[in-house]
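Listed here are the chains, written in short residue letters.
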Amino acid sequence: MVKNGFTSYGKQNYRCHRCKRQAVERALAKRFSREDLLETLLLERLSLRAIARILQVSLGWVIKRFQQCWQTVPERLPTGKMKTPELALYCLEADELWSFVGAKDCPEWLWPQWNGWL
(Lines give C-alpha, C1' and ligand atoms only; values in the text may rest on other atoms or scores of the structure.)
Protein backbone atom coordinates (compact mmCIF):
# COMPACT_ATOMS: atom_id res chain seq x y z
CA MET A 1 0.00 0.00 0.00
CA VAL A 2 1.23 3.46 -0.89
CA LYS A 3 -0.23 6.86 -0.19
CA ASN A 4 -2.39 8.12 -3.04
CA GLY A 5 -3.55 11.64 -2.24
CA PHE A 6 -6.59 12.56 -0.18
CA THR A 7 -10.33 11.98 -0.51
CA SER A 8 -12.78 14.86 -0.91
CA TYR A 9 -13.36 14.59 2.87
CA GLY A 10 -9.67 15.18 3.60
CA LYS A 11 -8.80 11.59 4.61
CA GLN A 12 -5.63 9.89 3.42
CA ASN A 13 -6.22 7.69 0.35
CA TYR A 14 -4.12 4.53 -0.24
CA ARG A 15 -3.49 2.41 -3.38
CA CYS A 16 -2.43 -1.23 -3.59
CA HIS A 17 0.68 -1.90 -5.78
CA ARG A 18 -0.57 -5.26 -7.06
CA CYS A 19 -4.27 -4.75 -7.79
CA LYS A 20 -4.31 -0.93 -8.06
CA ARG A 21 -7.34 -0.73 -5.74
CA GLN A 22 -7.85 2.39 -3.65
CA ALA A 23 -8.87 2.39 0.00
CA VAL A 24 -9.26 4.73 2.94
CA GLU A 25 -8.18 3.68 6.42
CA ARG A 26 -11.13 3.35 8.78
CA ALA A 27 -11.06 4.90 12.22
CA LEU A 28 -11.81 2.58 15.11
CA ALA A 29 -15.31 2.87 16.51
CA LYS A 30 -15.52 4.84 19.74
CA ARG A 31 -16.41 2.59 22.67
CA PHE A 32 -18.50 3.91 25.56
CA SER A 33 -19.03 2.33 28.94
CA ARG A 34 -22.55 1.50 30.04
CA GLU A 35 -22.39 4.20 32.70
CA ASP A 36 -21.50 6.84 30.09
CA LEU A 37 -24.35 5.67 27.86
CA LEU A 38 -26.73 5.65 30.83
CA GLU A 39 -25.95 9.29 31.59
CA THR A 40 -26.43 10.26 27.95
CA LEU A 41 -29.74 8.40 27.67
CA LEU A 42 -31.02 9.95 30.90
CA LEU A 43 -30.22 13.40 29.51
CA GLU A 44 -32.21 12.46 26.39
CA ARG A 45 -35.25 12.07 28.70
CA LEU A 46 -35.93 8.44 27.90
CA SER A 47 -37.88 6.33 30.35
CA LEU A 48 -35.95 4.02 32.67
CA ARG A 49 -37.54 0.95 31.02
CA ALA A 50 -36.52 2.19 27.56
CA ILE A 51 -32.95 2.71 28.79
CA ALA A 52 -32.90 -0.82 30.24
CA ARG A 53 -34.01 -2.23 26.87
CA ILE A 54 -31.45 -0.19 24.92
CA LEU A 55 -28.55 -1.15 27.20
CA GLN A 56 -29.85 -4.72 27.51
CA VAL A 57 -29.70 -4.66 31.31
CA SER A 58 -32.28 -5.11 34.03
CA LEU A 59 -34.46 -2.27 35.27
CA GLY A 60 -32.93 -2.76 38.73
CA TRP A 61 -29.44 -2.09 37.31
CA VAL A 62 -30.63 1.16 35.72
CA ILE A 63 -32.39 2.32 38.89
CA LYS A 64 -29.33 1.53 41.05
CA ARG A 65 -27.01 3.55 38.77
CA PHE A 66 -29.59 6.35 38.50
CA GLN A 67 -29.69 6.62 42.30
CA GLN A 68 -25.87 6.73 42.43
CA CYS A 69 -25.88 9.60 39.91
CA TRP A 70 -28.63 11.39 41.84
CA GLN A 71 -26.64 11.23 45.11
CA THR A 72 -23.80 13.18 43.49
CA VAL A 73 -26.06 16.22 43.01
CA PRO A 74 -25.42 18.86 45.71
CA GLU A 75 -28.25 19.26 48.22
CA ARG A 76 -28.44 23.01 47.71
CA LEU A 77 -27.60 24.51 44.35
CA PRO A 78 -26.17 28.05 44.30
CA THR A 79 -28.73 30.77 43.58
CA GLY A 80 -28.45 34.52 43.11
CA LYS A 81 -25.24 36.42 42.47
CA MET A 82 -22.02 34.66 43.37
CA LYS A 83 -19.46 36.58 45.41
CA THR A 84 -16.54 34.77 43.79
CA PRO A 85 -16.50 32.98 40.46
CA GLU A 86 -16.89 29.22 40.76
CA LEU A 87 -15.47 26.64 38.41
CA ALA A 88 -18.36 24.20 38.85
CA LEU A 89 -21.31 24.57 36.49
CA TYR A 90 -24.64 23.00 37.37
CA CYS A 91 -27.48 22.10 35.07
CA LEU A 92 -30.72 20.86 36.63
CA GLU A 93 -33.67 19.66 34.61
CA ALA A 94 -37.05 18.75 36.07
CA ASP A 95 -40.01 17.13 34.36
CA GLU A 96 -43.53 17.46 35.64
CA LEU A 97 -46.16 14.77 35.89
CA TRP A 98 -49.60 15.42 37.29
CA SER A 99 -52.96 13.80 37.67
CA PHE A 100 -56.38 14.55 39.14
CA VAL A 101 -57.20 12.74 42.38
CA GLY A 102 -60.89 12.46 43.12
CA ALA A 103 -61.91 15.69 41.38
CA LYS A 104 -60.48 18.20 38.95
CA ASP A 105 -59.96 20.73 41.75
CA CYS A 106 -57.47 18.35 43.51
CA PRO A 107 -54.44 17.98 41.21
CA GLU A 108 -51.46 15.99 42.50
CA TRP A 109 -47.98 16.84 41.20
CA LEU A 110 -44.91 14.63 40.94
CA TRP A 111 -41.52 16.13 40.03
CA PRO A 112 -38.96 13.54 38.88
CA GLN A 113 -35.59 15.25 38.47
CA TRP A 114 -32.27 14.47 36.81
CA ASN A 115 -29.01 16.35 36.97
CA GLY A 116 -26.82 16.82 33.92
CA TRP A 117 -23.15 17.59 34.16
CA LEU A 118 -21.62 20.16 31.85
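Read on for a plain summary of the structure.

What counts and how
- Residues numbered from 1 in each chain as written.
- Predicted model: local features only at pLDDT ≥ 70, side-chain atom pairs only at ≥ 80, totals over all residues.
- Heavy atoms only, no water.
- Pairing = 2+ DSSP bridges.
- Helix = DSSP H or I, 4+ residues; strand = E, 2+ residues; numbered from the N terminus.
- Axes fitted to C-alpha atoms, helices over the stretch in contact; angles between N-to-C directions.
- Parallel < 35°, antiparallel > 145°, perpendicular 65-115°, else oblique.
- Contact = heavy atoms within 4.5 Å.
- Expected span 1.5 Å × (residues − 1).
- Buried < 20%, exposed > 50% of the residue type's maximum accessible area, 1.4 Å probe, protein only.
- Arc of directions from axis to C-beta.
- Core = buried A, V, L, I, M, F, W, Y, C linked by side-chain atoms within 4.5 Å.

Thoughts on the pairing of strand β2 (residues 12–15)
Here strand β1 (residues 2–6) pairs with β2 via 3 bridges, running antiparallel. Among the inter-strand pairings, F6 is bridged to a residue of β2, identified as Q12. The antiparallel pairing of β1 with β2 creates a hairpin that spans 5 residues between the two strands, and G10 there sits at a positive phi of about 90°. Of the strand pairs in this sheet, β2 and strand β3 (residues 22–24) are connected by 3 bridges, and their pairing is antiparallel. By the bridge assignment, N13 is partnered in β3 with V24. Connecting the antiparallel pair β2 and β3 is a turn made up of 6 residues, with K20 showing a positive phi of about 65°.

Description of the sheet that holds β1
In spatial order, the strands read β1-β2-β3; together these 3 strands make up an open sheet with antiparallel pairing. Every other strand in the sheet has two partners, leaving β1 and β3 as the edge strands with one partner each. Neighbour-to-neighbour, the strand axes of this sheet turn through a mean angle of 40°, independent of strand direction.

Quick notes on the packing of helix α1 (residues 34–43) against helix α3 (residues 59–71)
At a minimum axis separation of 11 Å, α1 and α3 run at an interaxial angle of 80°. With respect to α3, the element α1 is oriented roughly perpendicular. Contact with α1, carried on its side by R34, E35, L38 and L42, involves W61, V62, R65 and F66 of α3 and no other residues of that element.

Some thoughts on unusual backbone geometry
One non-glycine residue, K20, lies in positive phi territory at about 65°. Inspection of the secondary structure assignment puts K20 in the loop between β2 and β3. Located in the positive-phi region is R45, a residue other than glycine, with phi close to 65°. In this fold, R45 is placed in the loop between α1 and α2 (48–55).

Quick look at α3
In an α-helix, one full turn covers 3.6 residues, which means residues spaced three or four apart are oriented alike. If you check α3, its first and last C-alpha atoms are 18 Å apart, about what 13 residues at 1.5 Å a residue would give, namely 18 Å. All buried positions along α3 are accounted for by W61, V62, R65, F66 and C69. The buried residues of α3 occupy one face: seen down the axis, they fall within an arc of 130°.

Some remarks on the nonpolar core
As a rule of thumb, nonpolar side chains are buried together in soluble globular proteins. Of all hydrophobic cores here, the largest spans 10 residues; its members are L38, L41, L42, I51, A52, L55, V57, W61, V62 and F66. Each residue touching L38, except ones within four places of it in the same chain, is listed here: I51, L55, W61, V62, R65 and F66.

Some points on the environment of G60
By secondary structure assignment, the location of G60 is in helix α3. For the pair G60 and R49, spaced 11 residues apart in sequence, the C-alpha to C-alpha distance is 9.7 Å.

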